[in-house]
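Residue strings, one per chain:
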Amino acid sequence: MRKVLIVVDMQNDFVTGVLGSNEALKILPNVKKKIEQYIASGDEIIYTRDTHFDSYLDTNEGKHLPVKHCVKDTDGWQIVAEIDNVNYKHVDKHTFGYSDWNRVLTEIQFENANGDVDFIEVCPEEIEIIGVCTDICVVSNALILKALCPEAEITVDASCCAGVTPESHRAALETMKSCQINVVGE
Ligand SMILES: [Zn+2]
């Protein structure tokens, strides 16, 4: 059975940097523990990185949130060092939700039936999502993954997630529950 952990945007800028928060700092030990569990069990881990460029303030996101953050290759853009692991995939995304999950998450199987070769995209059976911000990038990716992998069990561990505010964190968890995403660790 294939199980994948997706660690959303645990980058310096969202933890200790320009958009950092006490909540994000507080979940760090839980996130570390979760990553270590996946390493120990040999399951997959994918890190996402919010990725912007010098022109950030001219983008649509920049007009709504005029705080330059996660500029590619800066310190703020790096995954927090104590939870980073270069042995696993890192996905750079330019907005809240990643639109290309099928490229990095699904496995393509080749089936020879009647002499034809079929390309079938296979989702993992289990997907767990943790990281920040619960109410922006975690919920965006959870719903995209629900659409891409409707038969997968998708779980969000609330003890490894932080929102922009505690209230928006809780509201996003409720939204995800409504969409049949398992919320644990509350
Ligand atoms: Zn951003």
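Use the structure listed above.
All figures in this text were calculated on a predicted structure; none of them were measured in a lab.

*Asks:* Hey, could you run me through the sheet that holds strand E1 (residues 3-8) in this one?
*Replies:* The strands that make up a sheet are held in pairs by hydrogen bonds between backbone atoms, and each pair lies either parallel or antiparallel. Pairing within the open sheet is parallel, and its six strands lie in the order E3-E2-E1-E6-E7-E8. Edge positions in the sheet fall to strand E3 (89-93) and strand E8 (182-184), since each of these pairs with one other strand and no more. Across this sheet, the average inter-strand angle for adjacent strands is 25°, counted without regard to direction. As paired elements, E1 and strand E6 (residues 126-132) share six bridges and run parallel to each other. Within E6, the position partnered with Lys3 by the bridge is Glu126. The strands touched by helix H2 (residues 22-41) within the sheet are E1, strand E2 (44-50), E6 and strand E7 (153-162), with E7 carrying the most contacts at an inclination of about 140°.

*Asks:* Would you take a moment to explain the coordination of the zinc ion for this structure?
*Replies:* Note on metal geometry: ideal angles are 109.5 degrees for four donors arranged tetrahedrally and 90 or 180 degrees for six donors arranged octahedrally. Only Asp50 (OD), His52 (NE2), Glu61 (OE) and His69 (NE2) from the protein reach the zinc ion as donors, at distances of 2.1 to 2.2 Å. Classification of the site at the zinc ion as irregular follows from its four donor atoms and the range of 88 to 169° in their angles at the metal. One chain supplies every donor for the zinc ion, spaced along it as D-x1-H-x8-E-x7-H. You can see Asp50 sitting in strand E2 and its partner His69 sitting in the loop between helix H3 (60-64) and E3, a full 19 residues away along the chain. Pair check on accessibility: Asp50 and His69 agree, each one buried.

Cut-offs applied
Residues numbered from 1 in each chain as written. Predicted model: local features only at pLDDT ≥ 70, side-chain atom pairs only at ≥ 80, totals over all residues. Heavy atoms only, no water. Pairing = 2+ DSSP bridges. Helix = DSSP H or I, 4+ residues; strand = E, 2+ residues; numbered from the N terminus. Axes fitted to C-alpha atoms, helices over the stretch in contact; angles between N-to-C directions. Contact = heavy atoms within 4.5 Å. Donors = N, O, S within 2.8 Å, 3.2 Å for Na, K, Ca; no water. Tetrahedral: all angles 85-135°; square planar, octahedral: opposite > 155°, others 65-115°. Buried < 20%, exposed > 50% of the residue type's maximum accessible area, 1.4 Å probe, protein only.

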